[in-house]
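# Per-entry structural report
Spelled out, the chains give:
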Amino acid sequence: MGLLSLLKVCQTNKIGLRKTFARLSSSTLREFNFIYKDTIYALSSGFGKCGVAMIRISGGTASEALSKMTKLKKPPTPRQSFVAPIFHPTKKQMLDRAMLIYFSSPNSFTGEDVCELHVHGGPAVVASVLDALSCINGLRPAEAGEFTKRAFINEKLDLTEVEGLGDLIHAETEAQRRQALSQMEGSLSTIYQKWSNDLLQSLAHIEAYIDFSEDEQLDDDLLPTIMTRVKQLERNICGHLDDHRRGERLRNGLKVVIAGEPNVGKSSLLNSVIRRPAAIVSPVAGTTRDVIDSVLDINGYPVILSDTAGLRESDDLIECEGVARAVAKLKEADIIVLMLDAEYFNKFASDGEVDPVKLTKAYCEKLKIDKALACNLDCKIVMVVNKVDLVSPVNNSDCHHQNVSFVSCRTEEGLLEFVSVLSNNIKMLCNNIGESPSLTQQRHRQHLSCCVEYLGESVGLIENDVVIAAELLRFALNELGQISGKISSEQILDVVFKDFCIGK
C-alpha cells in the first residue's frame, strides 16, 4: 500500500497516527517527512553559464522563504510574476534582482506551495542564492526527481505521465519529443484508466453475483455479459501489445547494424553517414575488430548506427571475437544494412537482371548469418551495393523498389538515396506515432502481459467457479494499477524516478 493510500485508510478508520507510523518502513517514514514537513529547493534549469536560471522552492513554507528573501510585507499574488531584489536572509546583502512567481497549493506542479526565482544565470549568482536558501530553517536541497515525485504523490501526475515527462526531458529528436509529450499529456493514461474502469465494473458485477445471486433476482445473462466484456478487454490489450515495439524503439533509438564481408566499405559508409571519422578505414582486411556505435538523428528519428567486424572465418582470436560480437548485434538489430561490392552483385545477374531476394539469401548464407537472422524475424534488411565508381552494377530497376541502394563511399554517389531508403524503413518501424499511443516501457509490457494472462484464465472460470474468476479479475486490475501507480510499491517508484535530475 502506498503512503498516501495508507494515510487515507488511517483517516477513514480513525486509526492513530502513532500506530500507523509503527507499521511503516524507515524509507516510507523518510518519504512522509520529505513530503509533508520539509520544504525543498533546487536549481531546476541547466547548470553552467546562461542568461536566466530558475530556482524552484516547494513545500509548506515556500511563501515564508520567499518573504525572507525579498522582504515582502504581504504574500505575493499567486500566478503573477513580479520583479524584486532578493537578499541573503542573515547577511542582509543583496544577491540579485530577479523575476519571481508564486503558485499556491494545489494549483502548482507539485500540488504544494511553489516559488520560482528566475535569477541571472551566472554561476556565482546561482551559488549565492542556493547558499542563502540553505540558511533558512526548514528548507533542504531536493533529491533527484523529488519535485516530480511530490507531483505524483499529490495526484497531479500518474506514473505513465511521469515517465512521459522524463522522456520529454531526455528527448533528442523530433519524433521522441512528440511521443513523450503525448504520453505526458495522458495519452496512455487515458487508455489504461478506461480499461481499469471497464474491469472494475465487471469485477463489481461478479462480486454482486457472488453476494446476492441466491437472495436477489439478478439478470440471467449477467455472467455471459461479464464474460463478453472480459473477452473484449483481453482482445483490446492484446492488440495494444502487438505493436512491434514501435514506442520502445522510438524511445530507446532504432538499432541499425552494418554487416558484410571484410573490405566492402562498412566503416566508410558509417563515416559518410555520420559525417565524421568514427571508424578507422584501411585497405587491410579485418581492420574493424569491435562494434562501433554512433548515435544520430535521421529525419527526426533516433538511430544507433553500428559498424561491425567483417564476417569471415579467421584463425585470429581477436578477429573471431569481433565476428561473434557482430553476429550478436545482428540478433538484436531493428534494421540490418547488408553491404557488398558491385562486382559480387554482378555475379548474380541472370539475363541482365538480379533477383534481390535470391541475392540476399545467398549472401547471408555466404556470411553464415542466416541462422542469426532466423532469430530476428522482425528486423528489416536494406542492401547496399558499394564501389559503383569502380564496377558499374547491372542495371536493375526492380532493386530500387526492394531496399537495394547503389553507392560509392569514395565519391559519395548514391549516399543521399541510401539515407532516404533507410529513413523510409525507420518510419515504417515507428509508424502510427501521434495517432495511436504505443507502449514505451518494458515495465508496461510486463504488467499488461500478466493482465492478459489473468483475464484469459478468468474467462474459463466465470461460469464454473465464479469466486476464483473474481480473484483473477482482481489480480488483472492490480496489474493495470501498477502501470499508472494507482497501486504501487517503493521498488517501482525508485525505478521510475531514478533517471530524473536534481531540480525536476
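To start, this report covers the structure provided alongside it. (Residues numbered from 1 in each chain as written. Predicted model: local features only at pLDDT ≥ 70, side-chain atom pairs only at ≥ 80, totals over all residues. Heavy atoms only, no water.)

### As for the packing of helix α18 (residues 442-459) against helix α19 (residues 466-484)
For the pair α18 and α19, interaxial distance at closest approach is 8 Å and the crossing angle is 165°. As far as their axial angle goes, α19 and α18 are roughly antiparallel. Once α18 is placed against α19, the crossing between them reads as left-handed. Along its contact with α18, which presents Arg443, His444, His447, Leu448, Cys450, Cys451, Tyr454, Leu455, Glu457 and Ser458, the element α19 presents Ala469, Leu472, Leu473, Phe475, Ala476, Glu479, Leu480, Gln482 and Ile483. Its residues placed into classes, the contact of α18 with α19 shows twelve nonpolar, four polar and three charged. (Axes fitted to C-alpha atoms, helices over the stretch in contact; angles between N-to-C directions. Helix = DSSP H or I, 4+ residues; strand = E, 2+ residues; numbered from the N terminus. Parallel < 35°, antiparallel > 145°, perpendicular 65-115°, else oblique. Left-handed = near helix turned anticlockwise from the far one by under 90°. Contact = heavy atoms within 4.5 Å. Nonpolar A, V, L, I, M, F, W, Y, C, P; charged D, E, K, R; others polar.)

### As for the nonpolar core
Core analysis: the largest hydrophobic core is formed by 56 residues, its most contacted members being Leu269, Leu305, Leu338 and Phe418. In this structure, Trp195, Leu448, Leu455 and Val466 belong to the second largest nonpolar core, which totals 29 residues. (Core = buried A, V, L, I, M, F, W, Y, C linked by side-chain atoms within 4.5 Å. Buried < 20%, exposed > 50% of the residue type's maximum accessible area, 1.4 Å probe, protein only.)

### Quick notes on the pattern of salt bridges
One pass over the full model with this rule turns up 27 salt bridges. The salt bridge partner of Glu163 is Arg443, with a shortest N-O separation of 2.9 Å. On the criterion of sequence distance, the pair formed by Glu163 in helix α7 (residues 159-170) and Arg443 in helix α18 is long-range, its members being 280 residues apart. Per residue, the accessibility class of Glu163 equals that of Arg443, and both read buried. (Salt bridge = Lys/Arg side-chain N within 4 Å of Asp/Glu carboxyl O.)

### Re the pairing of strand β5 (residues 114-121)
Along a regular strand, successive side chains alternate from one face of the sheet to the other. With respect to burial, β5 is a largely interior element, seven of its eight residues being buried. Note: strand β2 (residues 50-58) against β5, eight bridges, orientation antiparallel. Residue pairing in the sheet places Arg56 in a bridge with Glu116 of β5. Examined bridge by bridge, strand β4 (residues 94-103) and β5 share five bridges and lie antiparallel to one another. Pairing of Tyr102 across the sheet is with Cys115, part of β5. (Pairing = 2+ DSSP bridges.)

### Topic: the sheet that holds β2
Adjacent strands of a sheet pair through backbone hydrogen bonds, lying either parallel or antiparallel. Sheet architecture is open: six strands sit in the order β3-β4-β5-β2-β1-β6, paired in mixed fashion. Of all the strands in the sheet, the pair left with one neighbour each is β3 (82-87) and β6 (139-141). Averaged over all pairs of adjacent strands, the angle between strand axes in this sheet comes to 30°, irrespective of strand direction. As judged from the six bridges shared by β3 and β4, these two strands associate in the antiparallel manner. Its bridge partner lying in β4, Phe82 is registered against Leu100. Set on the sheet, helix α5 (residues 123-134) makes contact with β1 (39-43), β2, β3, β4, β5 and β6; between it and β5 the angle comes to about 150°. Seen against the sheet, helix α6 (residues 146-153) touches β1, β2 and β6 and runs at an angle of roughly 135° to β1.

### Let's talk about the sheet that holds strand β9 (residues 301-307)
The six strands lie next to each other as β8-β9-β7-β10-β11-β12, forming an open sheet whose pairing is mixed. Strands with a single pairing partner mark the edges of an open sheet, and in this sheet they are β8 (292-298) and β12 (404-406). Taken pair by pair, the neighbouring strands of this sheet meet at an average axis angle of 25°, ignoring direction. Two elements, strand β10 (residues 335-341) and strand β11 (residues 380-386), share seven bridges in a ladder whose sense is parallel. Along β11, the bridge assignment pairs Ile335 with Lys380.

### Focus on helix α13 (residues 317-331)
If you check α13, its first and last C-alpha atoms are 22 Å apart, about what 15 residues at 1.5 Å a residue would give, namely 21 Å. Buried residues along α13 sit in contact with β7 (254-260), β8, β9 and β10. The N-cap of α13, judged by a side-chain oxygen 2.8 Å from the amide nitrogen of Ile318 a few residues on, is Asp316. (Expected span 1.5 Å × (residues − 1). Polar contact = N/O pair within 3.5 Å; in protein donor to acceptor, adjacent residues only side chain to side chain.)

### Details of the state of the cysteines
By definition, a disulfide is the covalent link that joins the sulfur atoms of two cysteine residues. Scanning all chains against the criterion turns up zero disulfides. Counting only cysteine sulfurs, Cys451 is the nearest neighbor of Cys450, a cysteine outside any disulfide, at a range of 8.8 Å. Classification of Cys450 by relative accessible area gives partly exposed; the value is 31%. (Disulfide = S-S within 2.5 Å.)

### Quick notes on the environment of Asn154
Within the secondary structure, Asn154 sits in the loop between α6 and α7. Asn154 sits in the partly exposed class, given a relative accessible area of 25%. Considered as a pair, Asn154 and Pro106 are 48 residues apart in the sequence and their alpha carbons are 8.7 Å apart. A distance of 2.8 Å separates a polar side-chain atom of Asn154 from the backbone oxygen of Thr110.

### Overview of the packing of aromatic side chains
All chains considered together, the criterion is met by four aromatic pairs. Ring centres of Phe345 and Phe406 lie 5.3 Å apart, and the angle between their planes is 85°; on these two criteria the pair is classed as edge-to-face. With Phe345 in helix α14 (residues 342-346) and Phe406 in strand β12, this residue pair connects regions lying 61 residues apart in the sequence. A centroid spacing of 5.4 Å and a plane angle of 50° characterise the contact between Tyr454 and Phe475, whose relative ring orientation is tilted. Pair noted here: Tyr454 is in helix α18 and Phe475 is in helix α19, with a separation of 21 residues, a long-range link. Residue Tyr454 is classed as partly exposed on the basis of its relative accessible area of 23%. In this arrangement the basic side chain of Arg56 is found over the ring face of Phe147, its NZ or CZ atom lying 5.3 Å from the centre. Its end group placed over the ring of Phe87, Lys71 keeps NZ or CZ at 4.1 Å from the ring centre. (Phe/Tyr/Trp six-rings, centres within 6.5 Å; stacked < 30°, edge-to-face > 60°. Lys NZ or Arg CZ within 6 Å of the ring centre and 35° of its normal.)

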